[in-house]
Structure formats: C-alpha cells, structure tokens
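# Residue-level structure breakdown
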Amino acid sequence: MPQSGGHIRSLYVHFPFCEAKCHYCDFYSIGVERTQAGDADQFEAALHREASLTTDQLAPELDTIFFGGGTPSMTPVESMKRALAPLRLQERVTEKTEWTMEANPSSVSLESLRQYREFGVNRISMGVQALRPDLLVNLGRVHSREAAFRALDAIFEAGFTNASVDLLCGVPGQTERDIEDAMTLLTNYPITHLSCYLLTLHKTHRMYGDLPDEDVQLSHLLLIDRFMKSKGFEHYEISNFARPGRRAQHNLKYWTGASYLGLGPSAHSFDQKALKRWKNVSSLHLYGSRLNEGTSIVEWTEELNADQQHLEKWMLALRLDEGFPRSWLETNAQKARAETLICEAFLESHPTKDQYLRLTPKGFALSDQVISTLS
Ligand code: SF4
C-alpha cells in the first residue's frame, strides 16, 4: 500500500483517441484520421507527467477506477501501464475496487481483453448504441452488428463477469421493434448493466429535424423501463439499469457528490471536501505542451456556492431511485408542487423507505422538468 495518500478514492482517466468521430458525439475525442504521427506518444508522456503530479491526491485504497474517452481500448495495455506507473494502481486496488474500461466493438480482441483484465480491469462498458445496420451507419459508428456480437462473446470468453452495454434511443428512424430486438439480443448475454441514453443533437446537425417528437421519445424510454425490469434489472438511475448488486459504482460516486480525480485532456475532477470542481483543457496538444512547460492544464475551476450546492443536492437526489426525504420540501409552495407531480405520476412514495419520494419511470424520462419544478 502507498505510504502517503490523499483522500480521493475514485480515479477517471480520459483516453482521447477514437477510430472515427461519431456524428453525435460531444466528448473530447479525436478520430484517427485527424491524428498526427507522434500523438499517441505525446499523450502517453503527458499522462505520465500528470500522474506524477497528482498521485498524492489519491487515497491509499481506491474504490473505483474508470478509463473513459474517447476509446480507451485503442490504447495498448503496455502504453497504459507506462503512462500510469506513477499512480501505483496495483498497490491501490483491493478486491472490492471496481475498475471499468470503456470499449468499442471494433477496437477489442480476445487477446487485448485478456491483457486489460490481467492489468486489473474488471468491468467493461461496451458502446454498442444500436444493432440495426443502417442506424449504425447514420450515427457514424464504425462497427457492424456482427462486430458487436463478436466483441460481447470475447468479453465473456476473456473472463469478465461484469459488463455493461450502452444503447441509444430516440434515433431518427428507430422503431420500438428495433429497441426491443436490441434489448432482447443484448440481454441474452450475461450483461450486468445497461445504459440507455436519448440521442441529442445540435440544432445545426443534419439529422436534427428527423429526431422523434417528445411523445415518441417518452414511449421509447417507457418501453426500455418495462423491458429491462421484466429481465430482472433495476432502473436505478435516469438512464441506467443494473442487475441487483451490479450498479455502476464509479458513476454512483458522481451521482452522490463524492470526490474523484480526473486525468487526461478534458477530464473533470471534484473535491468534496473543498467543494471545488475543475476541468483540464480539451486539447491534446495544449495538454501535452503545458505539461511539458510545467504550466497549468486546468481550464477552469469552480467553487460551489450555496445556491449551486442546493441545486446539485436536488439534481443528484432526483436522478437516483433512492429518492429524497419529504422533509426536504420546506415551503408550502414546494409541498403543493410535489403533490401535483404525484397526481401527474411523475413522483411516487418510495416503496421501501418511509417518508421518501422518488421519480416514477415517467418522471425519469422527464427528469429535467421535475428537477426544475421542485428545486
Ligand atoms: S466512439 Fe464514443 S467517444 Fe468516440 S466519437 Fe464515438 S461516441 Fe464519441
């Protein structure tokens, strides 16, 4: 175990490379066609420097590690090991540490998955998004339906027992039948978790006008809720479903306001003790050159004021099925608004926690409206 240590028990590392940039993606990532010779080496060296500078902020034992991106599975395991060596991850993980890596179907093989597992990764989050071939093409995904199945086979053959899949709904042209087919095929695998996000696009996007209206979006979300529950999954967060005991521990840290340290370009961090959030620059070259020069890679820092803390308390509590105590409804106006939301089936009494309220499936689907009404 490392001798000294900070208090942060969760680590995020952002890997910025992707095989191609998907049409709808807002994350900081660079499609291979836009990378230059030496970018991968520059990233490895810069990440190593950032890891050396921040290792003391991490606690001696970590609860969660998350390799996100971008597509982390495009970075070879040996490069990851060299870059992150200053963090001494092997000394900080325990048998309880959840160590997730995001992957895309076309960037993994049985061999590479075995290597990541040997490194310590014990959970894979696979970006499937859709299984209908033309939807995959429209979304700009580079993998095929068959590649998704091959990758899922490889995950379990490599020995992973904890695997999540990402799906998109509300995609132009997608039908309820498509969603049901995808969920049926995916839940035939022993996946433990499914994240299903509603596709959002900028107004200037060529498919923006083809997005389904709110009623169709709602019926997609309610269909997913019914289907996944019928397969034994818990709908524990707005967009997330898990088998009992398999909720995403790392994401729960975000949703419960715990501290996490983010490394890599565009990564966010949060220090719960200092109530401070900060973000790294969203540019690989700026990230690399600033670390080289010894100048700050932080793009902005924010200290949460009382109003922000209040809003975050509501946003975090409402997104989880744990709900919130009725005692949070302080004013008569808030109590009246909550009663209206209960009548309209957006809110319900928690089935097992006395004096708690939580969102219904319809409330999850329209959570932004509920949060702004109540907070
Ligand atoms: S693979 Fe993921 S991170 Fe990369 S461009 Fe597509 S959506 Fe964005």
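Predicted model, so just to flag it, every value in this text is computed and none were measured.

## A closer look at the pairing of strand S17 (residues 356–359)
Looking at chain direction, strand S15 (residues 324–325) and S17 are connected through 2 bridges and run antiparallel. The residue bridging Phe-324 from the neighbouring strand is Leu-357, located in S17. For strand S16 (residues 347–349) and S17, the ladder comprises 3 bridges, and the chain directions are antiparallel. Its bridge partner lying in S17, Ser-349 is registered against Leu-357. Adjacent in sequence and paired antiparallel, S16 and S17 are bridged by 6 residues, among which Gln-355 carries a positive phi angle near 65°.

## Here we look at the nonpolar core
Membership of the largest hydrophobic core comes to 69 residues, with the highest contact counts inside it found for Leu-11 and Phe-67. The biggest single contributor to this core is helix H6 (residues 145–157), with 7 residues. Those residues within four positions of Leu-11 in sequence are excluded, and the remaining contacts are Leu-58, Leu-62, Thr-64, Ile-65, Phe-66, Leu-87, Leu-89, His-250, Leu-261 and Leu-263. Counting residues in hydrophobic clusters, the runner-up holds 15 residues, among them Leu-341, Phe-346, Leu-347 and Leu-357.

## Structural notes on the sheet that holds strand S13 (residues 276–280)
Across the sheet, which stays open at both edges, the 3 strands sit in the order S12-S13-S14 with antiparallel pairing between neighbours. Because the sheet does not close on itself, it has two edges, and the strands there are strand S12 (268–271) and strand S14 (298–303). Strand-to-strand, the axes of this sheet are offset by a mean angle of 15°, without reference to chain direction. With 4 bridges joining them, S12 and S13 adopt antiparallel strand pairing. Residue pairing for S13: His-268 is matched across the bridge by Lys-279.

The rules behind these values
- Residues numbered from 1 in each chain as written.
- Predicted model: local features only at pLDDT ≥ 70, side-chain atom pairs only at ≥ 80, totals over all residues.
- Heavy atoms only, no water.
- Pairing = 2+ DSSP bridges.
- Helix = DSSP H or I, 4+ residues; strand = E, 2+ residues; numbered from the N terminus.
- Core = buried A, V, L, I, M, F, W, Y, C linked by side-chain atoms within 4.5 Å.
- Buried < 20%, exposed > 50% of the residue type's maximum accessible area, 1.4 Å probe, protein only.
- Contact = heavy atoms within 4.5 Å.
- Axes fitted to C-alpha atoms, helices over the stretch in contact; angles between N-to-C directions.

Scope: geometric values only; no functional claims are made or implied.
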